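Listed here are the chains, written in short residue letters.
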Amino acid sequence: MGKYIAFEVTPVALTGTTQGTAALLGWIGYVSPAEAAPTATVQPITGILQVGETLTGHYTYYDVNNDSQGTSIYKWYRADDSSSLNKAEIAGATGITYILASADLGKYISFEVTPVALTGTTQGTAVLSAWAGAVVPAETAPTATVQAITGTLKVGETLTGHYAYSDANGDLEGTSTFKWYRSDDGAGLNKAEIAGANAKTYVLASADEGKYISFEVTPVAATGTAQGTAALSPVTAVVGPKQAQGTTTSSPTADTSDKKAEVLINNTKVNFASSEVKEENGRKKTIITLDDEKFNVQFSKEKDGSIITIPVSNNSDIVIGQLNGQTVKNMEDKKAVIEIKTEDVTYSIPAEDINIDSISEKIDNKIQLKDITVNISVSKSSKETEAIAENSSRKNNYQLVVKPVDFEITCKNGNNIIDVSKFNSYVERTVAIPAGVDPSRVTTGVVLNKDGTFSHVPTMVKVIDGKYYAKISSLTNSTYTVIWNPVTFKDAEKHWSKSYVNDAGSRLIDNGTGNGNFAPDKAITRAEFASMIVKALGLTGTNFTAKFSDVQKSDSYYSYIYTAYEYGILAGYSNGKFGPQDLITREQAMTMLAKAMDIAGMDVKVTDADISNQLELFKDSESISIYARQTAAICVKNGIFDGDTKGRLTPKDSFTRAESATVIIKLLKKAELI
């Protein structure tokens, strides 16, 4: 094939001079292949995976006989997952492009081409592209659903606005805007905006006496169509005069306010606080206020690393520890930890994680720290929030082990209120496992997201004074609960990684590949691995600046990649891309894991000698890229990565889904987060 052919004859006589001279006929050729059908090689679909957007199929046509392409046949398919579950042809989709319809929402899409030649053997075999998905809704603005305002309707008291943020495209909430209004009656007569009231909370002023108050939120997304429509709360009842000193808003049988209260400094009781107990909207609220002056005199004598405990054991629905910013700063300087402790919950916050200096700058850097009121609160969630959590549990076949609990820190000066919702290190919360609940039937703590879904937060069960608690470690404040969610994957039943992959699935770190399978031996992509790390650490991103040209908002892994980028877990390639669908190599995985270990509070310091000593254990250590040598040594030193049976680290090899689940669960355990 591909050669030229000639015929040669040498004449031979029967008698006489028998053989003549060879004669060669002209060359003909070249020889073409046997007739064969054309073939096609498909490339990934391009386009934004969003309803209303256009996808394009791509392929390369080839015909060994050089037959030109005729009218090749195109088809598009939708399926329920990337493993082609319930694959169905899309009627009428016969072009090389396809506009996503509402029926594609949540589905995975694939493009098929059957190559057709103009001549010869005309039709080849159909080939199908990789599945792309899931398809997200058409771009829409975020929405907010407001609930009733809470708080005491008296001048000088604080009201709180409540709302649920939602975005059909999954865009996280950005900086939503708030307004407060006063009206002359419950119907909103002469409604007027209250100047300067632009936070979720508002302190009622003398001008509000006799008025009716409402709260408005305009939802703003961090990405996509940023701003939604303003939503207004129901109007409150009439605002009363300022409560006279010594009186309470509670019923006659409720506790009185301004009682002396004990706090503990390193388990030593001191009477440097007062207690106020009142009822708000049918919920019992206790506020423990430090006598900052007396407290600081005693605290100045204490050693570094002290623990300040504010205990409340009166079955309150809402417990608040209140102190001023200067006291927080004094605690920060001595590396103290503040604890709010109720009958069932302990909230431990290192004072330095409040970052009071940064709060002061945001409010007004001219004010003194002592003029900032810091409220640290632990609350039983509202009935509305409980209902959302229970609905999410039923929908996903989870079992709630405890009722949800709200954790909040606010810093206030006048009407300026700052929420402290993100920390630089893991903050610990312990929640009691109810009596009668088998502690082995506790899987993990979860955070209740604003869209009503759950996300994993690192959690372990521990025994304190003979009682079982779930220790939840998180980098944010929010609403938390604990679930029982045993997951087993069919294809991991006899796999070496069974315990690791089932643990990852149970903890909502990875949902598998569909149809009850995990695909443990399948190589994992960079996007999948980054997503697993973010979910495992319970990270929440807030700043999704466009960084990578190949990571689109419509991609299912979009928020995970940018969250990982925000936390410094990944950096991408030098060409401005991340390569989400590239198979991750072992040395790339080690680089991400070393950053994750640092976030988890593990020891990631290695000397040059450490690097040399750790890596020389492996026969192929010279093949480790320069950029990965330090992070590889960190992973090996901490027992996260091992070599193979031949003594190799194989840094350039791909990494399987089973191996990924294994190293991530190992990391969480060694960091004592699970």
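Residues numbered from 1 in each chain as written. Predicted model: local features only at pLDDT ≥ 70, side-chain atom pairs only at ≥ 80, totals over all residues. Heavy atoms only, no water.

> Even after reading the chapter, I still don't get the overall build of the protein chain, so can you show me in this structure?
A tally of regular secondary structure across the protein chain gives eleven helices and 36 strands. The C-alpha atoms of the protein chain give a radius of gyration of 33 Å, which is well past the 26 Å a tight globule of 674 residues would have. Structurally, the protein chain occupies a C-alpha span of about 145 × 65 × 50 Å along its principal axes. Relative to its full complement of 674 residues, the protein chain shows a buried share of 47%. Long-range pairs, those at least 24 residues apart, make up 68% of the contacts in the protein chain with a sequence separation of at least 6. (Helix = DSSP H or I, 4+ residues; strand = E, 2+ residues; numbered from the N terminus. Rg over C-alpha atoms; globule rule 2.2 N^0.38 Å. Buried < 20%, exposed > 50% of the residue type's maximum accessible area, 1.4 Å probe, protein only. Contact = heavy atoms within 4.5 Å.)

> Could you clarify how one ought to interpret empty space enclosed by the protein in this entry?
Empty space among the atoms becomes visible once a probe the size of a water molecule is rolled across them. Evaluation of the coordinates by the stated rule reveals one cavity of 30 Å³ or more. Along the walls of the largest cavity sit Ile 533, Ala 536, Leu 537, Leu 593, Ala 596, Ile 664, Leu 667 and Leu 668, which together make up its complete lining. Where the lining of the largest cavity is concerned, the elements lending two or more residues are α6 (526-537), α8 (586-599) and α11 (657-670). Residue composition of the lining of the largest cavity, grouped by class: eight nonpolar, no polar and no charged. (1 Å grid on protein atoms, 1.4 Å probe; cavity = no way out; pocket = protein on both sides within 12 Å on 5 of 7 lines; lining within 4 Å. Points joined across faces, edges and corners; volume = space filled by probe spheres on them. Nonpolar A, V, L, I, M, F, W, Y, C, P; charged D, E, K, R; others polar.)

> What's the story with the sheet that holds strand β19 (residues 231-232) in this structure? I'm lost.
Whether parallel or antiparallel, the strands of a sheet pair through hydrogen bonds between backbone atoms. Spatial ordering of the open sheet is given by β16-β15-β18-β19, a layout of four strands whose pairing is antiparallel. Bordering the open sheet on either side are β16 (192-193) and β19, each of which pairs with just one other strand. Relative to β16, strand β15 (residues 177-183) runs antiparallel, the two being bridged by two bridges. Bridging across to β16, Arg 182 finds its partner in Ala 192. (Pairing = 2+ DSSP bridges.)

> What am I meant to see in the pattern of salt bridges here?
When the charged atoms of two side chains lie near each other, side chains of opposite charge can form a pair. What the rule picks out here adds up to 30 salt bridges. Asp 104 is paired through a salt bridge with Arg 78; the nearest N and O atoms lie 2.7 Å apart. Of this pair, Asp 104 sits in the loop between β9 (97-99) and β10 (108-114) while Arg 78 sits in strand β7 (residues 73-79); the two residues are 26 residues apart in sequence, bridging distant segments of the chain. Taken as a pair, Asp 104 and Arg 78 share a single burial class, namely buried. Shared partners join several salt bridges into a network, and the residues in it are Glu 157, Glu 276, Lys 278, Glu 280 and Lys 285. (Salt bridge = Lys/Arg side-chain N within 4 Å of Asp/Glu carboxyl O.)

> Is there a simple way to think about the packing of aromatic side chains in this case?
A complete count under the given rule lists 20 aromatic pairs for this structure. Aromatic pair Phe 407 and Tyr 480: ring centres 5.9 Å apart, planes at 65°, arrangement edge-to-face. With Phe 407 in strand β29 (residues 405-413) and Tyr 480 in strand β36 (residues 479-484), this residue pair connects regions lying 73 residues apart in the sequence. Among the aromatic residues, ring-to-ring pairing joins Tyr 59, Tyr 74, Trp 76, Tyr 98 and Phe 111 into one connected group. Above the ring of Phe 578, the side-chain terminus of Arg 526 is found at 4.4 Å from the ring centroid. Lying over the aromatic face of Phe 518, Arg 657 brings its terminal NZ or CZ to 4.3 Å of the ring centre. (Phe/Tyr/Trp six-rings, centres within 6.5 Å; stacked < 30°, edge-to-face > 60°. Lys NZ or Arg CZ within 6 Å of the ring centre and 35° of its normal.)

> What's the story with the pairing of strand β6 (residues 54-62) in this structure? I'm lost.
Within a regular beta strand, the side chains point alternately toward one face of the sheet and then the other, so they alternate between its two faces. Residues Leu 55, Gly 57, Tyr 59 and Tyr 61 point to one face of β6 and are all buried, whereas Thr 54, Thr 56, His 58, Thr 60 and Tyr 62, pointing to the other face, are not buried. Sheet topology note: the strand β5 (residues 39-46)/β6 ladder contains six bridges and is antiparallel. By the bridge assignment, Ala 40 is partnered in β6 with Tyr 61. Pairing of β6 with β9, which is carried by three bridges, proceeds in the antiparallel orientation. Along β9, the bridge assignment pairs Thr 54 with Ile 99.

> I keep staring at a nonpolar patch on the surface and nothing clicks. Help me out?
Together, Tyr 4, Leu 24, Trp 27 and Tyr 30 line one region of the surface with nonpolar side chains, adding up to about 510 Å² of accessible area. Inspection of the secondary structure assignment puts Tyr 4 in strand β1 (residues 4-5). Under the relative-accessibility criterion, Tyr 4 is labelled partly exposed at 48%. (Patch = residues over 30% accessible without salt bridge, like charges linked within 9 Å, V, L, I, M, F, W, Y side chains within 5 Å. Areas by Shrake-Rupley, 256 points an atom, 1.4 Å probe, with all protein chains shown as cover.)

> I would appreciate a short explanation of the pairing of strand β32 (residues 444-448) in the present structure.
Within β32, five of the five residues are buried, which leaves the element mostly enclosed by the surrounding structure. A two-sided burial pattern is seen for β32, the buried positions comprising Thr 444, Val 446 and Leu 448 on one face and Gly 445 and Val 447 on the other. Pairing of β32 with strand β33 (residues 454-457) involves four bridges; the strand directions are antiparallel. Bridge assignment links Gly 445 to a residue of β33, and that residue is Val 457. Connecting β32 to the antiparallel partner β33 that follows it, the hairpin turn spans five residues, and Gly 452 within it adopts a positive phi of roughly 90°.

> Just checking my understanding: could you explain the nonpolar core for this structure?
Soluble globular proteins: nonpolar side chains tend toward being buried together. One finds Phe 529, Leu 537, Leu 593 and Leu 667 to be the most contacted residues of the largest nonpolar core, which totals 67 residues. In this structure Leu 537 touches Tyr 426, Pro 458, Ile 569, Ala 596, Ile 599, Ala 600, Leu 667 and Leu 668, once residues within four positions along its chain are discounted. Listed in part, the 53 residues of the second largest apolar core include Phe 299, Met 331, Cys 411 and Val 431. (Core = buried A, V, L, I, M, F, W, Y, C linked by side-chain atoms within 4.5 Å.)

> In this structure, what is going on with the confidence of the model for the protein chain? I would like to understand it.
Detailed reading of the predicted coordinates is not advisable wherever pLDDT is low. Chain-level statistics for the protein chain give a pLDDT mean of 90 and a share of 97% at 70 or above. Within the model, pLDDT remains below 50 along residues 246-256, and this stretch shows 18 contacts once partners closer than five positions in the same chain are excluded. (pLDDT = per-residue confidence, 0-100.)

> Help me out: how do you make sense of the sheet that holds strand β13 (residues 143-150) in this one?
Judged by pairing direction, the sheet is antiparallel, and its three strands sit side by side in the order β13-β14-β17 without closing on themselves. Single-partner strands in this sheet number two, and they are β13 and β17 (201-203). Direction aside, the axes of adjacent strands within the sheet are offset by 20° on average. Relative to strand β14 (residues 158-166), β13 runs antiparallel, the two sharing six bridges. Looking across to β14, one finds that Ala 144 is bridged to Tyr 165. (Axes fitted to C-alpha atoms, helices over the stretch in contact; angles between N-to-C directions.)

> What is the right way to look at the side chain of Asp 317 in this model?
Tracing the backbone through its elements, the reader meets Asp 317 in the loop between β23 (307-311) and β24 (318-324). Note on Asp 317: relative accessible area 19%, which makes it buried. With sequence-adjacent residues up to four places away left out, Asp 317 is seen in contact with Gly 282, Arg 283, Lys 284, Val 378, Ser 379 and Lys 380.

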